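Geometric and topological summary
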Amino acid sequence: MEQHRTEFENEGVNVVAIGLGEPKHAAFFGPRLAPGVACLSRATPEAHAAYGIGRATAGALVQPGLLSAAVRATVHGHIQGKATGDARVLSGTFVIDASGAIHYAHYARFPGDDPQIADLLRAAQALQVEVNA
Amino acid sequence: MSGSTADTPAKPEVRGRIAVGDAAPDVEVLDASGRNVSLADVWRRGPIVLTFLRHFG
């Protein structure tokens, strides 16, 4: 997401990340992994749960896509160390307008199942169209 | 730096998935300085891409 942050900002949309961990983890990892992204945290997964994001099943942890996602992350220099929180919690991505309405929702089926950036950008661009209409 | 959030309390109940057109749940999280942040206060400043990470590290 960090690599595409400016594309979203050009559409008037800021990128905000919530990680499972403590503020000290956000303060440490945020500037290193995503220096332009507002990095928030919560030590327990209540925020994830409020958005319907659950934990990976055992089957989801052996998806072929997980291996390719791990390779992709490694190629981009992200080496997995000891993680905070709950490594089985999945990820999710949402585009939310200034009134709090959801314009895009992606739920990861397995770790590393990230949304397509093009889909996210289309949702961000559609917001701009609505604002300018 | 790494760390594990030990003493994990009971897992919260996962609500139903939200969909396009739904209202985003407002939840409290912490910023990197440890201050409480309401997500509604964040999106009121302008639209956001909100991504929930699996973990830090």
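Here the structure is a predicted model, which is why all the values come from computation and not from measurement. (Residues numbered from 1 in each chain as written. Chains lettered and ligands numbered in written order. Predicted model: local features only at pLDDT ≥ 70, side-chain atom pairs only at ≥ 80, totals over all residues.)

1. Quick notes on the overall build of chain A
Note the threshold: A run of H or I in DSSP becomes a helix once it reaches four residues, and a run of E becomes a strand once it reaches two; helices and strands are each numbered from the N terminus. Using C-beta atoms placed from the backbone, we call a residue buried if 20 or more other C-beta atoms fall within 10 Å of its own, exposed if 12 or fewer do, and partly exposed for counts in between. Contact criterion: two residues are in contact if their C-beta atoms, reconstructed from the backbone, are within 7 Å.
In terms of helices and strands, chain A carries five helices and four strands. When the elements of chain A are put in sequence order from the N terminus, they spell out α-β-α-β-α-α-β-β-α. Relative to its 133 residues, chain A shows a buried fraction of 38%. Pairs at least 24 residues apart make up 57% of the contacts formed inside chain A by residues separated by at least 6 positions.

2. A look at the overall build of chain B
Secondary structure summary: chain B contains one helix and three strands in total. Ordered by position from the N terminus, the helices and strands of chain B form the series β-β-α-β. Residues counted as buried form 32% of the 57 residues belonging to chain B.

3. Considering the nonpolar core
Just so we agree on the cut-off: Remark: nonpolar core denotes a set of buried Ala, Val, Leu, Ile, Met, Phe, Trp, Tyr and Cys residues whose joining runs through C-beta atoms within 7 Å.
Ranked by internal contacts, the top residues of the largest apolar core, which has 41 residues, are A:Leu40, A:Phe94, A:Val95, A:Ile96, A:Ala124 and B:Val49. Sorting elements by how many residues they give to this core places strand S1 (residues 14-20) of chain A first, with five residues. With sequence-adjacent residues up to four places away left out, A:Ile96 is seen in contact with A:Ala101, A:Ile102, A:His103, B:Ala24, B:Trp43, B:Pro47, B:Ile48 and B:Leu50.

4. Some remarks on the pairing of S1(A)
Residues and elements named next belong to chain A. Operational definition: Strands are labelled as partners when DSSP assigns at least two bridges between them. With its strands directed away from the observer, a crossover is right-handed exactly when the path from the first strand over the helix to the second travels clockwise.
Buried residues dominate S1, accounting for six of its seven residues. The pairing of S1 with strand S2 (residues 38-42) spans five bridges and is parallel. For Gly 19, the partnering residue across the bridge sits in S2 and is Ser 41. Crossover handedness for the path S1 to helix H2 (residues 23-33) to S2: right-handed.

5. What about the confidence of the model for chain A?
The condition is simple: A residue's pLDDT is the predictor's confidence in that residue, given on a scale from 0 to 100.
With 80% of its residues at a pLDDT of at least 70, chain A reaches an overall mean of 84. The least confident element of chain A, judged by mean pLDDT, is helix H4 (residues 64-75) of chain A at 66; the most confident is strand S3 (residues 92-96) of chain A at 97.

6. A word on the environment of A:Ala56
Residues and elements named next belong to chain A. As for its position among the elements, Ala 56 is in the loop between helix H3 (46-50) and H4. Take Ala 56: there are 22 C-beta atoms within 10 Å of it, and that puts it in the buried class. Placed 55 residues apart in sequence, Ala 56 and Pro 111 show a C-alpha to C-alpha distance of 7.6 Å.

7. Looking at the interface of chain A and chain B
Quick reminder of the rule: Residues are sorted three ways: Asp, Glu, Lys and Arg are charged, Ala, Val, Leu, Ile, Met, Phe, Trp, Tyr, Cys and Pro are nonpolar, and all the rest, Gly among them, are polar.
Chain A puts 64 residues into the contact, and the matching count from chain B is 45 residues. Here the side of chain A that touches chain B is composed, by residue class, of 39 nonpolar, 19 polar and six charged. Relative to strand S3 (residues 48-52) of chain B, S3(A) runs antiparallel, the two sharing five bridges. Across the sheet, residue A:Val95 finds its bridge partner in S3(B), namely B:Val49.

8. Focus: the confidence of the model for chain B
Residues and elements named next belong to chain B. In this model, chain B carries an average pLDDT of 83, and 79% of its residues clear a pLDDT of 70 or more. Averaged pLDDT values over the elements of chain B bottom out at 95 in S3 and peak at 97 in helix H1 (residues 39-44). Residue range residues 1-9 is modelled with pLDDT below 50. Its contacts to residues more than four positions away, or to other chains, number 16 contacts. If you check the scores for this complex, the pTM reads 0.80 and the ipTM reads 0.80.

9. Focus on the environment of B:Val37
Mapped onto the secondary structure, B:Val37 falls in strand S2 (residues 36-38). Between the C-alpha atom of B:Val37 and that of B:His55, which follows or precedes it by 18 residues, the distance is 19 Å. Not counting residues up to four positions away in its chain, the partners in contact with B:Val37 are A:Leu40, B:Glu28, B:Val29, B:Leu30, B:Asp31 and B:Val42.

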